[in-house]
Amino acid sequence: MRTLCASTLIGEFFVIGFAGLVAMKSDDLSMATVWTVCGIAMLLSVLLCGMITRPGGLQLGWALQAGLIVSGFWVPSMFFLGAVFGGLWWASIHYGRKIDEAKARWAAQAEA
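Everything numeric here is computed off the predicted structure, so don't read it as measured data.

S.K.: Where do I start with the state of the cysteines in this structure?
M.R.: Here a disulfide denotes one covalent bond, and it connects the sulfur atoms of two cysteines. Under the criterion given, the structure shown has zero disulfides. Cys 5 provides the cysteine sulfur closest to Cys 49, a residue in no disulfide bond, and the two sulfurs are 9.3 Å apart. Residue classification places Cys 49 among the buried positions, given a relative accessible area of 15%.

The structure is reproduced here in structure tokens:
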């Protein structure tokens, strides 16, 4: 699960950075605001790669997914991209757990 979730988070890192470049064109937002918010979100996405298996890591990941969707109010394409990454996040957790369970079964069979 960790590998799939970390891959999704690294993809989000780049998407957040590109969304920041798009948001800079907005007259409603200052450059400092855009890069402060984007910087925090990008840092969170990288830090979450190491926190996935820790308590609260998955919940923080869901919060990041929600933040991506909400950012669509400032960068409309983020509604779509946030939903796509939310789906990828769900799939990473769902199928990652299945893979982890299969690996545990194979290890138990090999041990027996």
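S.K.: What should I look at first to understand the environment of Gly 17 in this one?
M.R.: With respect to the helices and strands, Gly 17 occurs in helix 1 (residues 2-23). Judged by its relative accessible area of 10%, Gly 17 falls in the buried class. Taking C-alpha positions, Gly 17 is 6.6 Å from Cys 38, a pair spaced 21 residues apart along the chain. In this view, Gly 17 contacts Trp 35 and Met 42; residues no more than four positions away in its chain are not counted.

How each quantity is defined
Residues numbered from 1 in each chain as written. Predicted model: local features only at pLDDT ≥ 70, side-chain atom pairs only at ≥ 80, totals over all residues. Heavy atoms only, no water. Disulfide = S-S within 2.5 Å. Buried < 20%, exposed > 50% of the residue type's maximum accessible area, 1.4 Å probe, protein only. Helix = DSSP H or I, 4+ residues; strand = E, 2+ residues; numbered from the N terminus. Contact = heavy atoms within 4.5 Å.

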